[in-house]
4 protein chains.
Amino acid sequence: MAIVLGPHQYGKAETRLVRVVRNGERHELVDLNVSTALRGDFDAAHLEGDQRNVLPTDTQKNTAYVWARRTVPDPIESWALSLARHFVDDVEPVSAARVEVERFGWQRAEVAGEPHAHTFLRTGPEVRTAAITVGPDAVHVVQGLKDLVLLKTTGSAFRDFLVDDLTTLQPTDDRIMATSLTARWRWTDPDAGTDWNGAASSVRTTLVEHFATLHSLALQQTLWHMGRAVLERHPGIAEIRLSAPNKHHFVVDLTPFDEPNPNEVFHADDRPYGLIQASAVRDDAADAGDAWLPFTGLA
Amino acid sequence: MAIVLGPHQYGKAETRLVRVVRNGERHELVDLNVSTALRGDFDAAHLEGDQRNVLPTDTQKNTAYVWARRTVPDPIESWALSLARHFVDDVEPVSAARVEVERFGWQRAEVAGEPHAHTFLRTGPEVRTAAITVGPDAVHVVQGLKDLVLLKTTGSAFRDFLVDDLTTLQPTDDRIMATSLTARWRWTDPDAGTDWNGAASSVRTTLVEHFATLHSLALQQTLWHMGRAVLERHPGIAEIRLSAPNKHHFVVDLTPFDEPNPNEVFHADDRPYGLIQASAVRDDAADAGDAWLPFTGLA
Amino acid sequence: MAIVLGPHQYGKAETRLVRVVRNGERHELVDLNVSTALRGDFDAAHLEGDQRNVLPTDTQKNTAYVWARRTVPDPIESWALSLARHFVDDVEPVSAARVEVERFGWQRAEVAGEPHAHTFLRTGPEVRTAAITVGPDAVHVVQGLKDLVLLKTTGSAFRDFLVDDLTTLQPTDDRIMATSLTARWRWTDPDAGTDWNGAASSVRTTLVEHFATLHSLALQQTLWHMGRAVLERHPGIAEIRLSAPNKHHFVVDLTPFDEPNPNEVFHADDRPYGLIQASAVRDDAADAGDAWLPFTGLA
Amino acid sequence: MAIVLGPHQYGKAETRLVRVVRNGERHELVDLNVSTALRGDFDAAHLEGDQRNVLPTDTQKNTAYVWARRTVPDPIESWALSLARHFVDDVEPVSAARVEVERFGWQRAEVAGEPHAHTFLRTGPEVRTAAITVGPDAVHVVQGLKDLVLLKTTGSAFRDFLVDDLTTLQPTDDRIMATSLTARWRWTDPDAGTDWNGAASSVRTTLVEHFATLHSLALQQTLWHMGRAVLERHPGIAEIRLSAPNKHHFVVDLTPFDEPNPNEVFHADDRPYGLIQASAVRDDAADAGDAWLPFTGLA
């Protein structure tokens, strides 16, 4: 009954890297949060404190900066693939590398109605994400977005649910449905030459449109329809995962004040919240391997 | 040398109020964070625990909801004025009321290129703000915005500054300048019939345009020019305050790797940050009274 | 190549539940954040919007409250086990339930040097955690703690690491080592009658003592020794996972000011940070199943 | 009706400075967040972009580090006074300086029941604060604490309050009272040789004891009694300000489940919350000047 070293990984988290492209007077801005994690032959570092196989996390940070100098990290997917492959190919003890990138949104400031050449405004809260895994046997690209806050003021019901002794919820045919969506989708072939930015934009459009147009009987149903539509539209996507907090908006009871409240005044509550997670998968999708294991994933 | 009760106020903070307007099929959404504070004859509550003059904070919350039912809180300024006046006029012990509102941005979701009737996406991080003070002698309206994140990739220098024995900073003629702007501006006459939404939009445009176009020798200079321009354009504004963290973007030193870095790769640092605060004022502006004292202001 | 529903779960997250025990005049306080997630036969809810199998998340919240009324949730593990078993045993479509609990620390206020009967002070930032999985085939208890911030001012080195072309880090024999520790450990037999509170306290002591006393050649080594010691001391623990951000403390360069700085003045940096994750496992440990899959885990 | 430059200040915010004292093998740890702001003759920087009077915020950071090397910043008050005086005395254009310090709590780790020589655990969430203003005419020291979370499970009522048409709150004779206290107190004579650490500890004890022992008829009453007691005990304190969010704990209604709930199970709500602010002042206290104007105070 020996005690042995189990799964382990290490890396540099949240390198806040900004890349400016100076095409003459009209600049471009790429604003990233980059995290890298390495997996491999690091047993001696744990067992004996022998660091000979350990590339410092400080070096991982340097590498991200140098990579961003050599290649503009846009789209983030191909840049992160290159960075992850470098760690696996060029650093002997590394058998797998995980690179995760968050890209913050910016738009050009307008001056006198025209987009300005070098001034930008942060957009959000939505963030675009990429998670790359390069392993000994497989390479995975998981694209995504998070903090996409969506709300519909009607077109959502919740009724005919399971009722037990502790159920007090009343059914409703018309409620606000709101969420802060996290979506991630895995591509079958990371080297298929996908137009990463175009694909991300298209998936986002599909998600938003189906959230808007499906008359929802439950958030579960909405998620499934959003996910299925993405897979239908993008044959190259093997699976998609959707995580959606149900951001409750409660109709305020104004009857004590003789005020009607026909779904007009709501309290947006913080906690607790429902959390619904669902996925759509191709039934012949290749095994995901470590595609879903984040750099924080061994906690 | 007696010990006496000093300044005091109390209220309900951060009521998360969402108001939906159902004009047929095309809905409108107003998403607010409302805080109210009352000032007045509450000495007995402190000194003896006598609550007879104390309108519960729970009632302040109820009142905000009822007010939002009766009047759509858009623009937020006139709605908050009405709410504050109610507390002062209708609740005997209240001599002054402070109402602060944050309004979160939403835009309509697009479906097939058309704005959807009842589905919305959160925009941001920018938030629009209003701070109303109704007192025995004066009424103040302070409009504002916060978390407007601006960045320019060139057109900013910092040189010829004061150098003492502990100065190591090198002058620069070209740097990234970035901030998360908070701006608040006080109107001379809250009852002048100002188009609050139009004014807020116009001020925002002025701020963004001057941030973009001034070749900046210092963030101080930029703030002053932004503020002065707002006052020049809006005769009804008595003063404007600008608070701007200098969100440092440091050029990464790539010389150890024989990589040039001509202002292309930056590290966006978290802390510490510079904090620059400046204001522009009309020299004949009436006294601000409690206009700048927030509901959190006695801490 | 059909598109099918993949993994899914749903529940109520972050119910902030406080339980007071009134043993005469001396009260006890249990302050919890409870999240529940159900897995099971919910396909129809996704595919057709048919909610007949769906116990509302609102009911899950009610259930947590009722459970806390019937049984004081201390220790959190046995209480959460009971709650999870209720969902699986009593709610037909539920095949597995996940219950996660955070318990916030409080100590009695002192008055005139004596612990007070009913007044408490929050302690922290450390939080005690439990994650229970009750499935069709197995029951898992993962105990843990998070946000335990540890720092040693000496007794930590980092040298003789792998150096590549992009490495600029200098080796050091003496540095500050600091982390905000997350630790989770899985028990082999959830029904062995473990003294949960005693065990959690003992594991914590072991972790802190080994962090303090090991002369560390790397954070990896420290984590391994901490984890191994826990397993050596607690035969009932099958595995332990440790996640440790390397909270960098950089020696400030004071040489421009002719000031020596013999490891006395440091800058505590925010981002980026190293992130080291390691685990110790018994080589005959039974399969973990879903023990490590959190209620947020399908994102 | 000219537009003129109004109030302004600038500085370096949130320098995270850690100072280690190495008295042989037994080390001491001082963990600070330092913010400085300068006020003075900086008009040209705003109006013309002329930086000749502007000491860079980077230099302010350097200065904090050098000051911490030369003098251990414990107590924080005397150290911050020295730093602020340096800016005013040694930097010509500076007429006033504000230095604010947050000190994070740490305790020694225990190993085999004994305090360890160089390993520490973070305590909290409570933070000790100091705010120093050195101006042309006066020097102010405001000591404080924040995030001291207090809760009493009984001994608090709220009844006989003002009731208007929109009041629905029911009176109660027994409720949970909880807050996250911010307290700040201004000393009459910053150079009186006050034992800053001893005084801070004593004030804290007084605050906690009066929170615990007063049978509270309202949070207002509790704050007043806490504040008055501090001034009674410390003749050197001119005034104290207390800011207390009412962290609502609502009794959960379990009657639908035929469960009694005699103040045992509560929901700890997030928002909205009451916010009560009160102060106790000596009636002969000298004018506070800028003592209460923080480095963020012009927003």
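Residues numbered from 1 in each chain as written. Chains lettered and ligands numbered in written order. Predicted model: local features only at pLDDT ≥ 70, side-chain atom pairs only at ≥ 80, totals over all residues.

A.B. asks: Would you explain the overall build of chain A in this entry?
C.D. replies: For chain A, the helix and strand inventory stands at five helices and 11 strands. In terms of overall dimensions, chain A has a C-alpha envelope of 75 × 70 × 40 Å along the principal axes. In chain A, which comprises 299 residues, the share counted as buried stands at 55%. Summarising the internal contacts of chain A: among those between residues at least 6 apart in sequence, 65% fall at separations of at least 24. (Helix = DSSP H or I, 4+ residues; strand = E, 2+ residues; numbered from the N terminus. Buried ≥ 20, exposed ≤ 12 C-beta atoms within 10 Å, placed from the backbone. Contact = placed C-beta atoms within 7 Å.)

A.B. asks: I'm lost on the interface of chain C and chain A in this one. Help?
C.D. replies: Interface size is commonly expressed as the accessible area that is lost once the parts come together. In this assembly, 78 residues from chain C lie in contact with 76 residues from chain A. When residues of the side of chain C that touches chain A are traced back to their parent elements, those giving at least two are β1 (3-5), β2 (9-23), α1 (43-47), α2 (57-70), β7 (177-187), α5 (219-233), β8 (237-246) and β11 (273-282) of chain C. Looking at which element gives the most residues to the side of chain C that touches chain A, the answer is β11(C), with 10 residues. By residue class, the composition of the side of chain C that touches chain A is 36 nonpolar, 24 polar and 18 charged. (Nonpolar A, V, L, I, M, F, W, Y, C, P; charged D, E, K, R; others polar.)

A.B. asks: Help me understand the environment of A:R52 in this model?
C.D. replies: Among the secondary structure elements, A:R52 is positioned in the loop between α1 (43-47) and α2 (57-70). On the basis of neighbour count, A:R52 is assigned to the exposed category, with 11 C-beta atoms found within 10 Å. In the structure, A:R52 is positioned 36 residues away from A:V88 in sequence and 16 Å away in space, judged by C-alpha atoms. Setting aside residues up to four positions removed in sequence, A:R52 forms contacts with C:D160 and C:L162.

A.B. asks: How should the domain arrangement of chain A be read in this particular structure?
C.D. replies: Residues and elements named next belong to chain A. On domain assignment, one finds that chain A holds domain 1 (9-136) and domain 2 (138-299). Relative to domain 2, the C-alpha centre of domain 1 lies at a distance of 27 Å. Every contact between the two is made by 23 residues of domain 1 and, on the other side, 22 residues of domain 2. At the level of elements, β2 (9-23), β3 (26-40), α3 (76-90), β4 (94-111) and β5 (114-134) are the ones that each hand at least two residues to the side of domain 1 that touches domain 2. When residues in the side of domain 1 that touches domain 2 are grouped by element, the largest group, 10 residues, is from β5. In terms of residue class, the side of domain 1 that touches domain 2 is made up of 11 nonpolar, seven polar and five charged. (Domains from an automatic or database assignment.)

A.B. asks: Sorry if this is basic, but what is going on with the pairing of strand β11 (residues 273-282) of chain D here?
C.D. replies: Where a strand is regular, its side chains alternate between the two sheet faces. Within β11(D), nine of the 10 residues are buried, which leaves the element mostly enclosed by the surrounding structure. Across three bridges, the pairing between strand β1 (residues 3-5) of chain B and β11(D) is antiparallel. Bridge pairing in β11(D) places B:V4 opposite D:V281. The sheet contact formed by strand β2 (residues 9-23) of chain B and β11(D) spans five bridges and is antiparallel. Residue pairing across strands places B:A13 opposite D:Y273, the latter belonging to β11(D). Both strand β8 (residues 237-246) of chain D and β11(D) contribute to a ladder of eight bridges, which runs antiparallel. (Pairing = 2+ DSSP bridges.)

A.B. asks: Mind showing me how you'd approach the pairing of β2(B) here?
C.D. replies: Judged from the three bridges that link them, strand β10 (residues 265-268) of chain A and β2(B) form a sheet pairing that is antiparallel. Looking across to β2(B), one finds that A:H267 is bridged to B:L17. Sheet analysis places β2(B) next to strand β3 (residues 26-40) of chain B, joined by 12 bridges and oriented antiparallel. Across the sheet, B:Y10 pairs through a bridge with B:L38, a residue of β3(B). Hairpin remark: β2(B) followed by β3(B), antiparallel, with two residues in the connecting loop; positive phi at B:G24, about 60°.

A.B. asks: Honestly, the relation of the copies chain D and chain C in this entry has me stumped. Any pointers?
C.D. replies: For the pair of chain copies, the relating operation is a rotation around an axis with a shift along it. Note on the identical chains: chain D maps onto chain C by a rotation of 180° and an axial translation of 0.0 Å, with an RMSD of 0.0 Å. The superposition operator between the copies reduces to a two-fold rotation axis. Minimal C-alpha separation from the rotation axis in chain D is found for D:G124, amounting to 2.5 Å. A shared binding surface is used by both copies, with 100% of the interface residues of chain D retained as interface residues in chain C. (Least-squares fit on C-alpha atoms with pLDDT ≥ 70 in both.)

A.B. asks: Before we go on, may I ask you to explain the relation of the copies chain C and chain A in this structure?
C.D. replies: Structural alignment of chain C on chain A gives an RMSD of 0.0 Å, achieved by rotating through 180° and translating 0.0 Å along the axis. Taken as a fraction of all interface residues of chain C, those also at the interface in chain A reach 97%, which identifies the copy contact as same-surface.

A.B. asks: In this structure, what is going on with the environment of C:M177? I would like to understand it.
C.D. replies: Residues and elements named next belong to chain C. Mapped onto the elements of the fold, M177 is located in strand β7. In this structure the C-alpha to C-alpha distance between M177 and L214, which are 37 residues apart in sequence, comes to 12 Å. Residues contacting M177, with those up to four places away along its chain left out, are K152, S156, S216 and L219.

A.B. asks: Even after reading the chapter, I still don't get unusual backbone geometry, so can you show me in this structure?
C.D. replies: With the exception of glycine, the majority of residues adopt a negative phi angle, and the majority of peptide bonds are in the trans configuration. Cis rather than trans, the peptide bond between A:R271 and A:P272 has omega equal to -10°. Counting through the fold element by element, A:P272 comes out in the loop between β10 and β11 (273-282). The peptide bond linking B:D74 to B:P75 adopts the cis configuration, its omega dihedral lying at 5°. One can find B:P75 in the loop between α2 (57-70) and α3 (76-90). Phi is positive for B:A112, which is not a glycine, with a value near 55°. Counting through the fold element by element, B:A112 comes out in the loop between β4 (94-111) and β5 (114-134). Here the phi dihedral of C:N263 falls at roughly 55°; this positive angle occurs in a residue that is not glycine. Among the secondary structure elements, C:N263 is positioned in the loop between β9 (249-251) and β10 (265-268). Since 16 C-beta atoms lie within 10 Å of it, C:N263 is described here as partly exposed.

A.B. asks: Would you take a moment to explain the environment of B:V142 for this structure?
C.D. replies: All names here are of chain B. Note on placement: V142 falls in strand β6 (residues 139-152). For V142, a count of 24 C-beta atoms within 10 Å corresponds to the buried category. Remark: the alpha-carbon pair of V142 and P7, spanning 135 residues in sequence, is separated by 22 Å. Leave out the neighbours within four places in its chain, and V142 touches A131, R184, W185, R186 and A291.

A.B. asks: Any chance you could explain the interface of chain D and chain C here in plain terms?
C.D. replies: Taken residue by residue, the interface counts 45 residues in chain D and 45 residues in chain C. Looking at the side of chain D that touches chain C, the elements that each hand over two or more residues are β2 (9-23), β3 (26-40), α2 (57-70), β4 (94-111), β5 (114-134), β6 (139-152), α4 (196-213) and β10 (265-268) of chain D. In terms of residues, the side of chain D that touches chain C owes the most to one element, β5(D), which gives eight residues. Of the residues contributing to the side of chain D that touches chain C, the split by class is 24 nonpolar, 13 polar and eight charged.

A.B. asks: Looking at this structure, I do not really get helix α4 (residues 196-213) of chain C. What am I missing?
C.D. replies: Structural remark: α-helix, 3.6 residues per turn; residues separated by three or four positions point the same way. Taking 1.5 Å of rise per residue, the 18 residues of α4(C) would be expected to cover 26 Å, and the 26 Å separating its terminal C-alpha atoms lies within 8% of that figure. All of the buried residues in α4(C) are C:W196, C:A199, C:A200, C:V203, C:T206, C:L207, C:V208, C:H210, C:F211 and C:A212. (Expected span 1.5 Å × (residues − 1).)

A.B. asks: Just to check I follow, could you spell out the packing of α2(D) against helix α3 (residues 76-90) of chain D for this structure?
C.D. replies: Residues and elements named next belong to chain D. Between α2 and α3, whose axes approach to 11 Å, the crossing angle comes to 135°. In terms of their interaxial angle, α2 and α3 are classed as oblique. Between α2 and α3 the crossing geometry is right-handed. Judged by residue contacts, T63, A64 and W67 of α2 engage W79, S82, L83 and H86 from α3. In terms of residue class, the contact of α2 with α3 is built from four nonpolar, three polar and no charged. (Axes fitted to C-alpha atoms, helices over the stretch in contact; angles between N-to-C directions. Parallel < 35°, antiparallel > 145°, perpendicular 65-115°, else oblique. Left-handed = near helix turned anticlockwise from the far one by under 90°.)

A.B. asks: Where do I start with α2(D) in this structure?
C.D. replies: The end-to-end C-alpha distance of α2(D) is 20 Å, a good match for the 20 Å that 14 residues give at a rise of 1.5 Å each. Within the span of α2(D), buried status applies to D:T57, D:D58, D:T59, D:Q60, D:K61, D:N62, D:T63, D:A64, D:Y65, D:V66, D:W67 and D:A68. Those residues of α2(D) that are buried are in contact with β8 (237-246) and β11 (273-282) of chain B, β10 of chain C together with β2, β3 and α3 of chain D.

A.B. asks: Looking at this structure, how should I read the confidence of the model for chain A?
C.D. replies: On average, residues of chain A carry a pLDDT of 97, and 100% of them reach 70 or more. Two summary scores accompany this predicted model of the complex, namely pTM at 0.98 and ipTM at 0.97. (pLDDT = per-residue confidence, 0-100.)

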